[in-house]
Amino acid sequence: MKIQIHDSWRQPLLKEFNTPYFDSLIRFVKQEYAAHACYPPGKDIFAAFDRCTFENVKVVIIGQDPYHGPRQANGLCFSVSDGIPHPPSLINIFKEIETDLGKPYPQSGNLERWADQGVLLLNATLTVRAHMAGSHQKQGWELFTDAVIRTLSNEREGLIFLLWGGFAKKKSKLIDASKHQILQTGHPSPLSANRGYWFGNKHFSKANEILKKQRKNIIDW
């Protein structure tokens, strides 16, 4: 099956596209989208890759599942489309940026502006059935996105991986820490943030300091 993904990712991920698990995954996704309301829209399933090309990746943020409410998910982890109310985790992300960088709280929760600067906003599972969190887990997406992380680790150097929460922290085993920077903290969800595991992590200023040392353009968070 031909996958609609930016050309820059085709060669690095070619082996994955040709595996039996990926064929099975795509069949499952097609059946789900035909029979149920699913998110994000089909054209946005690979939006994280389309907005951030393989060569342009500077920072990787790993989420777990797309939002499962109407019109929320846009293919980028933690992001919502323009005009959509900000989910709790995104609110806490923006609050941390406010205190870390002194930037005003933004009106839009659309993180395409980050992706365009080289932030890969990667959910471990790229699709979900409406109102059923985790419904597309363990169908092959995790194998694919683990391969994405491993490929970036192997073929790129000097990337910054922001691992938020227990689920994302487990991905550290896929990353060569001698070649890349790994920053870890609690998840921005209220459950974690309100217990002191998120606020004050300063990941946004820390990532920019690393980029400065690498003589790369910083991210306008």
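Please refer to the structure placed before this passage.
Keep in mind that what you see is a predicted model, and the values were worked out from it rather than measured. Every chain is numbered on its own, with residues counted from 1 as its sequence reads. Under the rules for a predicted model, residues below a pLDDT of 70 receive no local features and side-chain atom pairs below 80 are neither given nor counted, while totals for whole chains, interfaces and linings still include all residues. Here the side-chain values reflect all heavy atoms present in the structure, with hydrogen atoms and water set aside.

**Q** Sorry, what's going on with the overall build of the protein here?
**A** Comment: elements are numbered from the N terminus, with helices defined as DSSP H or I runs of at least four residues and strands as E runs of at least two. The helix and strand tally for the protein stands at 10 helices and 6 strands. Over its C-alpha atoms, taken along the principal directions, the protein stretches across nearly 45 × 35 × 25 Å. In the protein, of all internal contacts separated by at least 6 residues, the share reaching a separation of at least 24 is 64%. Taking the average place of the 28 positive charges on the side chains of the protein and the average place of its 21 negative ones, the gap between the two points comes to 4 Å. The contact criterion used is simple: two residues touch if any of their non-hydrogen atoms lie within 4.5 Å. We score Asp and Glu as negative and Lys and Arg as positive, and we do not count His or the chain ends. A charged residue contributes its charge at one atom only: NZ of Lys, CZ of Arg, CG of Asp or CD of Glu.

**Q** Just to check I follow, could you spell out the environment of A115 for this structure?
**A** Assignment of secondary structure puts A115 in helix α6 (residues 112-115). For the pair A115 and A48, spaced 67 residues apart in the sequence, the C-alpha separation amounts to 7.1 Å. In this view, A115 contacts R51, C52, L76 and L121; residues no more than four positions away in its chain are not counted.

**Q** Please clarify how the sheet that holds strand β3 (residues 119-123) should be interpreted in this entry.
**A** Hydrogen bonding along the main chain pairs the strands of a sheet, whether they run parallel or antiparallel. In this analysis, strands are considered paired if DSSP registers two or more bridges between them. Read from one edge of the open sheet, 4 strands run β3-β2-β5-β6, paired in parallel fashion. Strands with a single pairing partner mark the edges of an open sheet, and in this sheet they are β3 and β6 (181-185). The mean inter-strand angle of the sheet, taken between neighbouring strand axes irrespective of direction, is 20 degrees. Note that strand β2 (residues 59-63) and strand β5 (residues 160-164) share 3 bridges and pair parallel. When the bridges of β5 are listed, V60 appears paired with F161. Its contacts with the sheet put helix α7 (residues 141-155) on β2, β3 and β5, and the angle it makes with β3 is roughly 150 degrees. The strands touched by helix α10 (residues 203-213) within the sheet are β2, β5 and β6, with β6 carrying the most contacts at an inclination of about 175 degrees. Working convention: axes come from line fits to C-alpha atoms, limited for helices to the stretch in contact. Angles between N-to-C directions cover 0 to 180 degrees.

**Q** Help me out: how do you make sense of the packing of aromatic side chains in this one?
**A** The geometry of an aromatic ring pair is captured by the separation of the ring centres together with the interplanar angle, meaning the angle of the planes. Centres within 6.5 Å make a pair out of two Phe, Tyr or Trp rings, where for Trp the six-membered ring is used; the pair is then stacked when the planes are under 30 degrees apart, edge-to-face when over 60, and tilted otherwise. For the structure on display, the rule yields 18 aromatic pairs. For the ring pair W9 and F49, a centre distance of 4.9 Å and an interplane angle of 90 degrees mean the geometry is edge-to-face. With W9 in helix α1 (residues 7-10) and F49 in helix α4 (residues 47-51), this pair connects stretches of sequence that are 40 residues apart. Here W9 falls in the buried class, since its relative accessible area comes to 0%. Look at F94 and Y105: their rings are 5.4 Å apart centre to centre, the planes differ by 80 degrees, and that puts the pair in the edge-to-face class. Relative accessibility decides the category of a residue: with a 1.4 Å probe and only protein chains considered, values under 20% of the type maximum give buried, values over 50% give exposed, and everything between is partly exposed.

**Q** Any chance you could explain the side chain of T125 here in plain terms?
**A** Assignment of secondary structure puts T125 in the loop between β3 and β4 (128-129). Contacts described as polar in this section are N or O atom pairs within 3.5 Å, which, within protein, must combine one atom able to donate a hydrogen with one able to accept it, while residues neighboring in sequence count only if both atoms come from side chains. Looking at T125, its side chain comes within polar contact range of the side chain of E142, at 3.5 Å.

**Q** Just to check I follow, could you spell out α10 for this structure?
**A** Within an α-helix, residues lying three or four positions from one another point in the same direction, as the helix has 3.6 residues per turn. Within the sequence span of α10, burial applies to H203, F204, A207, N208, I210 and L211. Buried residues along α10 cover an arc of 155 degrees about the axis, so they all sit on one side. Residues of α10 that are buried in the fold lie against β2, α5 (88-101), α6, β5 and β6. By arc we mean the arc of the directions from the helix axis to the C-beta atoms, nothing more.

**Q** Explain a positive patch on the surface here, please?
**A** The residues that make up patches have over 30% relative accessible area and no salt bridge, and they are joined within 9 Å when like-charged or within 5 Å when they are Val, Leu, Ile, Met, Phe, Trp or Tyr. Under the convention used here, a 1.4 Å probe and the Shrake-Rupley method define accessible areas, while residue burial counts only the protein chains that appear. One side-chain nitrogen of Lys or Arg within 4 Å of one carboxyl oxygen of Asp or Glu is enough to make a salt bridge. Taken together, the side chains of K15, R150, K170 and K173 make up a positively charged region of the molecular surface. Under the relative-accessibility criterion, K170 is labelled exposed at 58%.

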